[in-house]
Amino acid sequence: MDVMVVGEPLAEFSAPAPLTEADAFRLSFSGDALNAAVAAAATGAHVALVTLVGNDEFGERLIAFAAARGVDTRWMLKGDGSTGAYAVGADPSGERAFAYMRSGSAASRMGPADVARAPLAETAVLLVSGITAALSESCAAAVLHAARAVDAAGGRVVYDPNYRARLTGAEEAAAALEAIAPATALMTPSCPGDSLPLLGTGDPAETARACLERGARAVAVTRGAHGVLLAGGGAAPERIPAVPPAAIVDQTGAGDAFAGTVAARLALGDPLRDAVRAGTAAAAVNLEGQGGTGRVATPREIERLLDARTPGPVAP
Ligand SMILES: Nc1ncnc2c1ncn2[C@@H]1O[C@H](COP(=O)(O)OP(=O)(O)OP(=O)(O)O)[C@@H](O)[C@H]1O
Ligand SMILES: O=C(O)C(=O)C[C@H](O)[C@H](O)CO
């Protein structure tokens, strides 16, 4: 297995208006784990999504959606509880506002025994996130179990902290980050979105330092249009510029496309810097589509976008 993603795929109801006013929603399928798995599979890597969906129509549709995008769905199983969903609209400032319908969902009941069914010891790269750890105590334990098992077997763990205040408190999320850090080959905090609440800093270099101090072996601090600060991994810190998207249709899932693509390219043998550059291109393409999976970069698109840029390091 090249990449294994553990998390909760969700039915997504999106509207261009604030949730307090919107009355027409578009159905799609998203959730950070699904967005990342779809982006990873598009690279050509063998990617599995490990989750529980509800025994309902949306569960069926999520499995079909993932399979149609090349994701190995053998570990997308049906569990007790319903399939999770969320509505996303624009708040008055234009920022995205989420309303979750996922409490008690099938995925939130996952625990270590569920992830242990998947071939953790034969996985090159495991991708897990703070969203998954925030779903429930059993999910937090499942994330740690999977990370430690993959790390112990010689695989690499990518952890995207993805802080969501509606799911968890900052202290709890910071504790989850701290617990998993020593098992992670790469952490991908966004700055300031994750770094401010979890690490108490809005500074990219300090964010990187804080993750390395906690035990992560490398850090890719994502900074939206400002690109990525890459640190650790035996090389000097380096700023990797963002790839400008042709248009920004919707920001949902850019960070997930980034993390999924980096995980896949690492599994396929890319050095860290190349994998991160590929991630910035995949994220730019993601911004051009509606929802988390509306536009998924092909390997050719990634190469074309990177070729169009001036390669080479930029001082941090
Ligand atoms: N406006 C933008 N222009 C170009 N690239 C962008 C832009 N926004 C995001 N990206 C790319 O996506 C990567 C991840 O974005 P960001 O730092 O916003 O992560 P995030 O907050 O985790 O995203 P998400 O909204 O998926 O949770 C960035 O490092 C960058 O490469
Ligand atoms: O917030 C969540 O839990 C989601 O997974 C919904 C979105 O797809 C995700 O936040 C995008 O990064």
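Labelled according to an unreviewed UniProt entry, the protein appears under the name 2-dehydro-3-deoxygluconokinase, originating from Sphaerisporangium krabiense.

Trainee: What is the right way to look at the pattern of salt bridges in this model?
Mentor: Any two side chains of opposite charge can pair, given that their charged atoms come close. Considering all chains together, one arrives at 11 salt bridges under this definition. Its salt-bridge partner being arginine 265, residue aspartate 270 comes within 2.8 Å of it at the nearest N-O pair. The residues aspartate 270 and arginine 265 share a single accessibility class, namely buried. Glutamate 301 is the salt-bridge partner of arginine 295, the closest N and O atoms lying 2.9 Å from each other. On the basis of relative accessible area, arginine 295 is assigned to the partly exposed category, the value being 29%. With a relative accessible area of 14%, glutamate 301 lands in the buried category. One salt-bridge network, in which partners are shared between bridges, spans Arg265, Asp270 and Glu303.

Trainee: Sorry, what's going on with the layout of surface pockets here?
Mentor: Over the atoms rolls a probe the size of a water molecule, and in doing so it shows where empty space is left. Roughly 280 Å³ of internal volume is contained in the second largest pocket. Top contributing element to the lining of the second largest pocket by residue count: helix 6 (residues 170–180), with 7 residues. Considered class by class, the residues forming the lining of the second largest pocket number 15 nonpolar, 3 polar and 3 charged.

Trainee: Please clarify how the sheet that holds strand 7 (residues 96–101) should be interpreted in this entry.
Mentor: Strands in a sheet are paired, the pairing made by backbone hydrogen bonds, and the direction either parallel or antiparallel. Spatially, 4 strands are ordered 3-2-6-7 in an open sheet, and the strand pairing comes out mixed. At either margin of the open sheet sits one strand with a lone partner, and together these are strand 3 (26–30) and strand 7. Between one strand axis and the next, the sheet turns through 30° on average, direction left out of account. In this sheet, strand 7 lies alongside strand 6 (residues 85–90) in antiparallel orientation, the contact comprising 6 bridges. The residue bridging alanine 85 from the neighbouring strand is methionine 101, located in strand 7. Seen against the sheet, helix 2 (residues 57–68) touches strand 2 (10–14) and strand 3 and runs at an angle of roughly 60° to strand 3.

Trainee: Explain the side chain of threonine 188 to me, please; I cannot follow it from the model alone.
Mentor: Mapped onto the secondary structure, threonine 188 falls in the loop between strand 10 (186–187) and helix 7 (195–199). Judged by its relative accessible area of 3%, threonine 188 is buried. Of note is the side chain of threonine 188, whose polar atom sits 3.4 Å from the side chain of aspartate 160. Each residue touching threonine 188, except ones within four places of it in the same chain, is listed here: Val158, Tyr159, Asp160, Pro161, Asp194, Ala220, Phe258 and Ala259.

Trainee: What's the story with the site of ligand 2 in this structure? I'm lost.
Mentor: Around ligand 2 lies a shell of 14 residues, among which Asp32, Tyr100, Arg102, Arg164 and Asp256 are the nearest. Glycine 31 is positioned with one of its backbone polar atoms (N or O) 3.1 Å from an oxygen atom of ligand 2. Here an oxygen atom of ligand 2 and a side-chain polar atom of aspartate 256 are 2.8 Å apart. Burial of ligand 2 by the protein amounts to 98% of the accessible area it has alone, namely 310 Å². Among the secondary structure elements, those contributing two or more residues to the shell around ligand 2 are helix 1 (32–41) and strand 7. In the shell around ligand 2, the residues fall into 5 nonpolar, 5 polar and 4 charged.

Trainee: Looking at this structure, how should I read the site of ligand 1?
Mentor: Taken together, 22 residues sit near ligand 1, with Arg96, Thr222, Gly224, Gly255 and Ala283 positioned nearest. Note that an oxygen atom of ligand 1 is positioned 3.0 Å from one of the side-chain N or O atoms of arginine 96. Against a free-state accessible area of 620 Å², the protein chains account for coverage of 87% of ligand 1. Residue assignment for the shell around ligand 1 shows that the elements contributing at least two residues are helix 9 (254–267) and helix 10 (272–287). Grouping the constituent residues of the shell around ligand 1 by class yields 9 nonpolar, 9 polar and 4 charged.

Trainee: Looking at this structure, I do not really get the UniProt feature "domain: Carbohydrate kinase PfkB" (unreviewed entry) in the protein. What am I missing?
Mentor: Feature annotation in UniProt assigns "domain: Carbohydrate kinase PfkB" (unreviewed entry) to the following positions: residues 3–293. With 35% helix and 23% strand, residues 3–293 has its two end C-alpha atoms placed 18 Å apart.

Trainee: Explanation requested: the packing of aromatic side chains in the structure shown.
Mentor: The description of two aromatic rings rests on the distance between their centres and on the angle between their planes. Scanning all chains against the criterion turns up 5 aromatic pairs. Arranged with centres 6.0 Å apart and planes meeting at 5°, the rings of phenylalanine 98 and tyrosine 100 form a pair that is stacked. Aromatic ring contacts, followed pair by pair, group Tyr86, Phe98 and Tyr100 into a single cluster. Here the guanidinium or amino end of arginine 69 rests over the ring plane of phenylalanine 65, the centre of that ring lying 3.6 Å away. One cation-aromatic arrangement involves arginine 102 over tyrosine 100; the distance from NZ or CZ to the ring centre is 4.7 Å.

Definitions and limits used
Residues numbered from 1 in each chain as written. Chains lettered and ligands numbered in written order. Predicted model: local features only at pLDDT ≥ 70, side-chain atom pairs only at ≥ 80, totals over all residues. Heavy atoms only, no water. Salt bridge = Lys/Arg side-chain N within 4 Å of Asp/Glu carboxyl O. Buried < 20%, exposed > 50% of the residue type's maximum accessible area, 1.4 Å probe, protein only. 1 Å grid on protein atoms, 1.4 Å probe; cavity = no way out; pocket = protein on both sides within 12 Å on 5 of 7 lines; lining within 4 Å. Points joined across faces, edges and corners; volume = space filled by probe spheres on them. Helix = DSSP H or I, 4+ residues; strand = E, 2+ residues; numbered from the N terminus. Nonpolar A, V, L, I, M, F, W, Y, C, P; charged D, E, K, R; others polar. Pairing = 2+ DSSP bridges. Axes fitted to C-alpha atoms, helices over the stretch in contact; angles between N-to-C directions. Contact = heavy atoms within 4.5 Å. Polar contact = N/O pair within 3.5 Å; in protein donor to acceptor, adjacent residues only side chain to side chain. Near = heavy atom within 4 Å. Areas by Shrake-Rupley, 256 points an atom, 1.4 Å probe, with all protein chains shown as cover. UniProt positions renumbered as here; feature names shortened; annotations may be inferred. Phe/Tyr/Trp six-rings, centres within 6.5 Å; stacked < 30°, edge-to-face > 60°. Lys NZ or Arg CZ within 6 Å of the ring centre and 35° of its normal.

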